[in-house]
Amino acid sequence: QVHLVESGVGLVQAGGPLKLSCAASERAFSAYAVGWFRQVPRVEREFVVTVSRSVGLTYYADAVKGRFSITRDSAANTVYLLMNSLKPDDTGVYYCAATLDAGSYYTYTFEYEYWGQGTQVTVSS
C-alpha cells in the first residue's frame with residue numbers, strides 16, 4: 001500500500017504560479033498512474049490532470065490545459081503539479097491519487113485506490 005503526502009500549501013495572487021508535490025512512500029512510484037483532483041465545499045471532487053505509469057502519458061482537464069503541468073521525478077518518488085496563470089476558480093483542496101492499473105488515463109475518483117490528505121490552494125483576486 002502506498003502512502004501519499006501532498007505539499008505546497010499556498011496563498012497566491014491571481015496570475016501567479018504555484019507548485020504542488022505528491023511524495024510517495026513507495027520506491028516504485030513510477031509503476032503507478034497518478035492523478036490530481038481538487039475540491040471545493042459542497043462540490044464533487046474534480047479531475048485536474050493524470051499521468052500514466054511507465055511512459056508518462058498525460059491528460060488534462062480543459063479548465064487547466066495550457067496552464068498546469070504534471071511531471072514525475074522517479075528518483076525522488078514524487079509527482080509535481082506546476083500551476084501557472086492561476087485564477088480564483090482554481091481555489092480548492094488539491095489531492096493526489098494513485099492506482100496500479102495499467103491504462104492510459106484515469107479521470108474518475110473511483111479509479112484510484114490511494115489518496116493523499118489534500119493541500120489547500122487559495123488564489124486571491
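The structure under discussion appears in the preceding block.
Per chain, residues are indexed from 1 in the order of the written sequence. The predicted origin of the model limits local features to residues at a pLDDT of at least 70 and limits the giving and counting of side-chain atom pairs to 80 or more, whereas totals for whole chains, interfaces and linings rest on all residues. Excluding hydrogens and water, the side-chain values take into account all heavy atoms of the structure.

Colleague: I tried to follow the overall build of the protein on my own but got confused; where do I start?
Modeller: Put simply, DSSP marks the helices as runs of H or I at least four residues long and the strands as runs of E at least two long, and each gets a number from the N terminus on. Of the regular secondary structure elements, the protein holds zero helices and 11 strands. Along the protein, from the amino end to the carboxyl end, the secondary structure elements read β-β-β-β-β-β-β-β-β-β-β. Put simply, the radius of gyration uses C-alpha atoms, and a globule should come to 2.2 Å times the residue count raised to 0.38. In terms of C-alpha radius of gyration, the protein reaches 13 Å, essentially the compact-globule figure of 14 Å for 125 residues. Along the first, second and third principal axes, the C-alpha set of the protein runs to 40 × 25 × 25 Å. Only protein chains enter the area calculation, which uses a 1.4 Å probe; residues under 20% of their type maximum are buried, those over 50% are exposed, and those in between are partly exposed. Looking at the 125 residues of the protein, the share that counts as buried comes to 44%. Between two residues, a contact is recorded if the distance between any of their heavy atoms is within 4.5 Å. Look at the contacts in the protein between residues 6 or more apart in sequence, and 59% of them connect residues 24 or more apart. Each charge class in the protein can be summarised by its mean position, and for the 10 positive and 11 negative side chains these summaries are 5 Å apart. Only four residue types enter the tally: Lys and Arg on the positive side, Asp and Glu on the negative side; His and the chain ends are excluded. For the purpose of locating charges, the reference atoms are NZ of Lys, CZ of Arg, CG of Asp and CD of Glu.

Colleague: Would you mind showing me how to read unusual backbone geometry here?
Modeller: Glycine aside, a negative phi is what most residues show, and trans is what most peptide bonds show. Here R42, not a glycine, exhibits a phi torsion of approximately 65°, which is positive. Within the element layout of this structure, R42 appears in the loop between β4 (33-39) and β5 (46-51). Among the residues examined, R42 registers a relative accessible area of 83% and is labelled exposed. A positive phi angle is found at N77, which is not glycine, with a value near 55°.

Colleague: Where do I start with the packing of aromatic side chains in this structure?
Modeller: Geometry of an aromatic ring pair is reported as the spacing of the ring centres plus the angle between the planes. Any Phe, Tyr or Trp ring, taking Trp's six-membered ring, that has another such ring centre within 6.5 Å forms a pair; planes under 30 degrees apart are called stacked, those over 60 apart edge-to-face, and the others tilted. The tally for this structure, following the rule as stated, stands at 11 aromatic pairs. With a centroid separation of 5.1 Å and 40° between ring planes, the pair formed by Y59 and Y105 is classed as tilted. Of this pair, Y59 sits in strand β6 (residues 58-60) while Y105 sits in the loop between β9 (92-99) and β10 (114-115), and the two are 46 residues apart along the sequence. Given the relative accessible area of 37%, Y59 is considered partly exposed. Look at Y105 and you get partly exposed, because its relative accessible area is 41%. Following the ring pairs from residue to residue traces out a cluster consisting of F37, F47, Y59, Y95, Y105, Y106, Y112 and W115.

Colleague: It is not clear to me how the sheet that holds strand β7 (residues 68-73) should be interpreted in this structure. Could you clarify?
Modeller: Backbone hydrogen bonds are what pair the strands of a sheet, in a parallel or an antiparallel way. For two strands to be treated as a pair, DSSP must find no fewer than two bridges joining them. In spatial order, the strands read β1-β3-β8-β7; together these four strands make up an open sheet with antiparallel pairing. Edge positions in the sheet fall to β1 (4-7) and β7, since each of these pairs with one other strand and no more. Each strand of the sheet is rotated relative to its neighbour by a mean of 15°, with strand direction disregarded. When strand β3 (residues 18-24) meets strand β8 (residues 78-83), the two strands line up antiparallel, connected through six bridges. Counted as the bridge partner of C22 is V79 from β8. Lines are fitted to the C-alpha atoms to define the axes, a helix being fitted only along its stretch in contact, and any angle between axes, read from their N-to-C directions, falls within 0 to 180 degrees.

Colleague: What is the right way to look at the pattern of salt bridges in this model?
Modeller: Side chains bearing opposite charge may pair, as long as their charged atoms lie close to each other. What counts as a salt bridge is simple: a side-chain nitrogen of Lys or Arg found within 4 Å of a carboxyl oxygen of Asp or Glu. Under the definition given, this model contains four salt bridges. For R67, the salt bridge goes to D90, with nearest N and O atoms at 2.8 Å. Of this pair, R67 sits in the loop between β6 and β7 while D90 sits in the loop between β8 and β9, placing them 23 residues apart in sequence. Of the two residues, R67 and D90, neither departs from the other in class, the shared state being buried. One network of salt bridges, in which partners are shared, links R38, E46, R67 and D90.

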